[in-house]
Amino acid sequence: MDRDDLVRYLDAYLRIQDFPQDPSLNGLQVEGKRTVRKVGAAVDAGEAIFRKALEEGVDFLIVHHGLFWGKPFPIVGHHKRRLETLFAGGINLYAAHLPLDAHEEVGNNFVLARELGLVDLTPWDVGVKGRFPQPTPLLQVADRLGQLTGMQPLVHQGGLDHVETVILVSGSGTGLLPKVDADLFVTGEPKHSVFHETFERGLNVIYAGHYDTETFGVKALAAHLEAKFGLPWVFLDHPTGL
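Keep in mind that this is a model prediction, so the values were computed, not measured.

Trainee: Can you explain the pairing of strand S2 (residues 39–44)? Please cite residues and give values.
Mentor: Burial analysis of S2 places five of its six residues in the buried class, which makes it a mostly covered element. Note that S2 and strand S3 (residues 60–65) share five bridges and pair parallel. Residue Ala41 lies in a different strand from S3, and its bridge partner there is Ile62. Read as a crossover between parallel neighbours, the route from S2 over helix H2 (residues 47–56) to S3 is right-handed.

Written as structure tokens, this is what we have:
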């Protein structure tokens, strides 16, 4: 597939222009080969992931966390090595941060919510709000999240043993905790500053891993491209444990 056609499709499908508040430079960040034959999907942009992409013959790499976050930096040291690896393989680098959190078809939050068994899904900030068909034990929800992510989540039970309404914000969502109006808030990584608020407000929170809650979007997006354009893809897994 022609690279520029693929980029135009992704820009429109993910509605990247709708997220001007995002510090990430969403879209094509590094230009590589003109013809795309194989797509790679990864959570992070880093030298180790780029080397995996090179080994796998990927020429179009989609990441959630890209290289550029609104601040200039010199192309020296590890930054230089990162770009050299991309250039060596002619690898295109495409980043989709908040657009891939919020997307209702292939976004991290909607995909994970559906996998978790939530219904009546509605957008909530860059996340999603939904409910279980019936009140569900909190620890059962945590077990299911562990099965989906492959890691044991951290449970802070400030509320009831059974939950029905759920708000899910992948990655680092603790800044939105004051707005949460549900039985359970699911996000990626914990933050010490909100520990007491969770219990004082009688709120259940499950921290399921920043990396692990954000593998769902890039996989779903790559699978979508395969179904639509016949492009084979590979997931380049590089867990951070965070």
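Trainee: Give me the lowdown on the nonpolar core, citing residues and values where you can.
Mentor: Membership of the largest hydrophobic core comes to 42 residues, with the highest contact counts inside it found for Leu14, Phe60, Ile62 and Tyr94. Ignoring anything within four residues of it in the chain, the contact list for Phe60 reads Arg3, Leu6, Val7, Leu10, Leu28, Val36, Lys38, Val39, Gly40, Asn92 and Tyr94. Listed in part, the 17 residues of the second largest apolar core include Ala42, Ala45, Leu86 and Ile91.

Trainee: Go over the pattern of salt bridges, please, and point to the residues and values.
Mentor: A full pass over the atoms with the stated rule returns 14 salt bridges. One salt bridge in this structure joins Arg34 and Asp2, with 2.7 Å as the shortest N-O distance. Taken together, the residues Arg34 in the loop between strand S1 (27–30) and S2 and Asp2 in the segment before helix H1 (3–14) connect sequence positions 32 residues apart. Residue Arg34 is classed as partly exposed on the basis of its relative accessible area, which comes to 46%. On the basis of relative accessibility, which here comes to 23%, the residue Asp2 falls in the partly exposed class. Salt bridges here are not isolated pairs; linked through shared partners, they connect Asp2, Arg3, Asp4, Glu31 and Arg34.

Conventions and cut-offs
- Residues numbered from 1 in each chain as written.
- Predicted model: local features only at pLDDT ≥ 70, side-chain atom pairs only at ≥ 80, totals over all residues.
- Heavy atoms only, no water.
- Buried < 20%, exposed > 50% of the residue type's maximum accessible area, 1.4 Å probe, protein only.
- Helix = DSSP H or I, 4+ residues; strand = E, 2+ residues; numbered from the N terminus.
- Pairing = 2+ DSSP bridges.
- Right-handed = clockwise from strand over helix to strand, strands pointing away.
- Core = buried A, V, L, I, M, F, W, Y, C linked by side-chain atoms within 4.5 Å.
- Contact = heavy atoms within 4.5 Å.
- Salt bridge = Lys/Arg side-chain N within 4 Å of Asp/Glu carboxyl O.

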